[in-house]
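Observations on the three-dimensional arrangement
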Number of protein chains: 2
Amino acid sequence: MTGALAIVSLGPGAPGLITPDAAKALAEATDLVGYGPYLARLQPAPEQRLHAFDNRTELARAELALRLAAGGRRVALVSSGDAGVFAMAATTFEAMEKGEPSWRGLALTVIPGISAALAAAARLGAPLGGDFCVISLSDYLKPWPVIAKRLRAAAEAGFVLALYNPASAARPWQLGAAFATLREVLAGTTPVAFATNVSLAEERLTLASLATADPALAGMRTLVLIGAPTSRLIPRPAGLPWFYTPRGLPSL
Amino acid sequence: MTGALAIVSLGPGAPGLITPDAAKALAEATDLVGYGPYLARLQPAPEQRLHAFDNRTELARAELALRLAAGGRRVALVSSGDAGVFAMAATTFEAMEKGEPSWRGLALTVIPGISAALAAAARLGAPLGGDFCVISLSDYLKPWPVIAKRLRAAAEAGFVLALYNPASAARPWQLGAAFATLREVLAGTTPVAFATNVSLAEERLTLASLATADPALAGMRTLVLIGAPTSRLIPRPAGLPWFYTPRGLPSL
């Protein structure tokens, strides 16, 4: 048997948002590799081997997945959201580049999924309707000044912002610092949305303005969306207003 | 019967990349509204009413969908890729804001999907592994100088770029102008990928460098990805090199 590696995107969490291609790759795998809580969501067959990892072990997970595939196993390396967006796909190529030369010849596929920004945007309206930037606030792998520079550049140029990894126990101040930087550029009335556990039973959506947004609303499973100057709110008879960004500029 | 509107994302084209939630919304609709070629991909039931539109009629499609839902129909307004990314979701909220006040109380859901940037990235490796910006090159609704400013700002700040709507018969020069702007900021060796008809039988993937990238490789169904200074290529024994962007910065 020839080994193969599929990097499989699980989407935001709801089974209705996992693609048939992802479900098929999971079903066909001999080995499932991933962060423990993600593996626990799946329903593996008795003969499938599970390789569950802790948080912050991304490179070790990728290396094991590559090694197993090189040894002839059919491996599914699972990733939440979309594997290509701050998840396991880039990590796997980092591991490949540093690892055994033979890994470059492996049969490898990346199966895309619904990333958190798209899932959150759909629940809020259409905040990503204009040009947008996607930024990880984690300063674990890049220095904070680079992140602050990117936030400022994106806001000044009129992009909507989608912020991944806004907060954790180890990163308590970054989102507050990001808001402070953005307040120097954007109006206080700019809409800010906090979307946590999107698509799951514990989903929580909050709308605020940049002037009043409370960083404490964000946790490890929160996606933060910050509007552009063109973004708008449409009040509804019940529920949160719709948050959307028109496709064009108001002068047109 | 109470009407409802679902804005349904069809993904890049392959049935294996349509989520179960999207398939369910299509199956439950009494009326399917959308661009003709997208409706033609579906397999409607005999009792479902089809409302097929030409290109460049987005606002009319959205208005009809809202009107039908207000009249008690269960409407699926279909969108390629992810409806929230340069597609029908923002258009629908524009139509809602301009339209009947009662439309704001409609039962409306947006069902997310695999946007072209995510689908293309998965086929190429992990080019979106770092911070990235998503920009539409269409100057139909925003002036070119705004687009050029955003391209420059994003490149200067180290973002990967995903370019939607890079070219069409009506917009022949924009991608060449974008490359010229980016060459003032980025190295000529920066990887550039053209991904056309991703996930379909006609899929075509091309890798080039910014110095040599030929704008004529892009058409209406092409997504263009431009690396950041950190992006890398990993040669393979067969096929295109993997194109990926590490999660962090090389100095770390």
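Residues numbered from 1 in each chain as written. Chains lettered and ligands numbered in written order. Predicted model: local features only at pLDDT ≥ 70, side-chain atom pairs only at ≥ 80, totals over all residues. Heavy atoms only, no water.

**Concerning the relation of the copies chain A and chain B**
Superposition record for chain A on chain B: RMSD 0.0 Å, screw rotation 180 degrees, translation along axis 0.0 Å. The superposition operator between the copies reduces to a two-fold rotation axis. (Least-squares fit on C-alpha atoms with pLDDT ≥ 70 in both.)

**Re the domain arrangement of chain A**
Residue and element names in this part refer to chain A. Looking at the assigned domains, one finds that chain A contains domain 1 (4-114) and domain 2 (117-244). Between domain 1 and domain 2, the C-alpha centre-to-centre distance is 28 Å. Between domain 1 and domain 2, the contact holds 11 residues from the first and 14 residues from the second. Between domain 1 and domain 2 the total buried area reaches about 910 Å² when both faces are included, carbon and sulfur atoms providing 64% of it. Ranking the residues of domain 1 by area buried against domain 2 places Pro12, Arg56 and Phe86 at the top, with a combined share of 54%. Seen at the junction of domain 1 and domain 2, the total is zero salt bridges. For the pair domain 1 and domain 2, the interface holds one residue pair in polar contact (both at pLDDT 80 or more). Looking at the side of domain 1 that touches domain 2 residue by residue, the classes come out as seven nonpolar, two polar and two charged. (Domains from an automatic or database assignment. Contact = heavy atoms within 4.5 Å. Buried area = accessible area lost by both parts, 1.4 Å probe. Salt bridge = Lys/Arg side-chain N within 4 Å of Asp/Glu carboxyl O. Polar contact = N/O pair within 3.5 Å; in protein donor to acceptor, adjacent residues only side chain to side chain. Nonpolar A, V, L, I, M, F, W, Y, C, P; charged D, E, K, R; others polar.)

**Some words on the side chain of B:Asp31**
When you line up the elements, B:Asp31 lands in strand 2 (residues 31-35). Here B:Asp31 is in contact with B:Arg49, B:His51, B:Leu68, B:Arg73, B:Arg74, B:Val75 and B:Ala76, once residues within four sequence places are set aside. (Helix = DSSP H or I, 4+ residues; strand = E, 2+ residues; numbered from the N terminus.)

**Side note on the pairing of strand 4 (residues 74-79) of chain A**
All names here are of chain A. With five of six residues buried, strand 4 lies mostly within the body of the structure. As paired elements, strand 1 (residues 4-9) and strand 4 share six bridges and run parallel to each other. Across the sheet, Ile7 pairs through a bridge with Leu77, a residue of strand 4. With three bridges connecting them, strand 2 (residues 31-35) and strand 4 associate as parallel partners. Residue pairing across strands places Val33 opposite Leu77, the latter belonging to strand 4. (Buried < 20%, exposed > 50% of the residue type's maximum accessible area, 1.4 Å probe, protein only. Pairing = 2+ DSSP bridges.)

**A closer look at the sheet that holds strand 5 (residues 107-111) of chain B**
Residue and element names in this part refer to chain B. Strand order in the open sheet formed by five strands is 3-2-4-1-5, with parallel pairing between adjacent strands. Of all strands in the sheet, those with a lone pairing partner are strand 3 (49-53) and strand 5, marking the two edges. The sheet shows a mean angle of 15 degrees between the axes of neighbouring strands, taken without regard to direction. Two strands pair when backbone bridges link them, and strand 2 and strand 3 are joined in this way by five bridges, in the parallel orientation. Across the sheet, the residue bridging to Leu32 is Leu50, located in strand 3. Strand contacts of helix 4 (residues 88-98): strand 1 (4-9), strand 4 (74-79) and strand 5, with the helix running at about 160 degrees to strand 5, the strand carrying the most contacts. (Axes fitted to C-alpha atoms, helices over the stretch in contact; angles between N-to-C directions.)

**Focus: the interface of chain A and chain B**
Each partner contributes to the interface: chain A provides 68 residues, whereas chain B provides 68 residues. Taken together, the two surfaces of chain A and chain B that pack against each other cover about 5,900 Å², and 64% of this comes from carbon and sulfur. By the criterion of area lost to chain B, the three top residues of chain A are A:Asp131, A:Arg150 and A:Arg247, representing 13% of everything that side buries. The interface formed by chain A and chain B holds eight salt bridges in total. For the interface between chain A and chain B, the tally reads 24 residue pairs in polar contact (both at pLDDT 80 or more). Of all the elements, helix 4 (residues 88-98) of chain A adds the most residues to the side of chain A that touches chain B, at seven residues.

**So, the pairing of strand 7 (residues 132-136) of chain A**
When you tally the buried positions in strand 7 of chain A, you get five out of five residues, the bulk of the element. Of the two faces of strand 7 of chain A, the one carrying A:Phe132, A:Val134 and A:Ser136 and the one carrying A:Cys133 and A:Ile135 are both buried. One ladder, built from five bridges, connects strand 7 of chain A with strand 8 (residues 160-164) of chain A; its direction is parallel. Residue pairing for strand 8 of chain A: A:Ser136 is matched across the bridge by A:Tyr164. Regarding topology, helix 6 (residues 144-156) of chain A serves as the crossover connection from strand 7 of chain A to the parallel strand 8 of chain A, and that connection is right-handed. Judged from the three bridges that link them, strand 7 of chain A and strand 7 (residues 132-136) of chain B form a sheet pairing that is antiparallel. Considered in strand 7 of chain B, the bridge of A:Phe132 is made with B:Val134. (Right-handed = clockwise from strand over helix to strand, strands pointing away.)

**Some remarks on the environment of A:Leu10**
Note that A:Leu10 resides in the loop between strand 1 and helix 1 (20-28). For A:Leu10, the contacting residues outside a window of four places in its chain are A:Leu17, A:Ile18, A:Leu26, A:Tyr38, A:Arg41, A:Leu42, A:Val78, A:Ser79, A:Ser80 and A:Gly81.

**So, the pattern of salt bridges**
Counted according to the given criterion, the structure contains 21 salt bridges over all chains. B:Arg232 serves as the salt-bridge partner of A:Glu97, at 2.7 Å between the closest nitrogen and oxygen. With A:Glu97 in helix 4 and B:Arg232 in strand 12 (residues 232-234), this pair bridges two chains. Each of A:Lys24, A:Glu28 and A:Arg74 takes part in one network of salt bridges that share partners.

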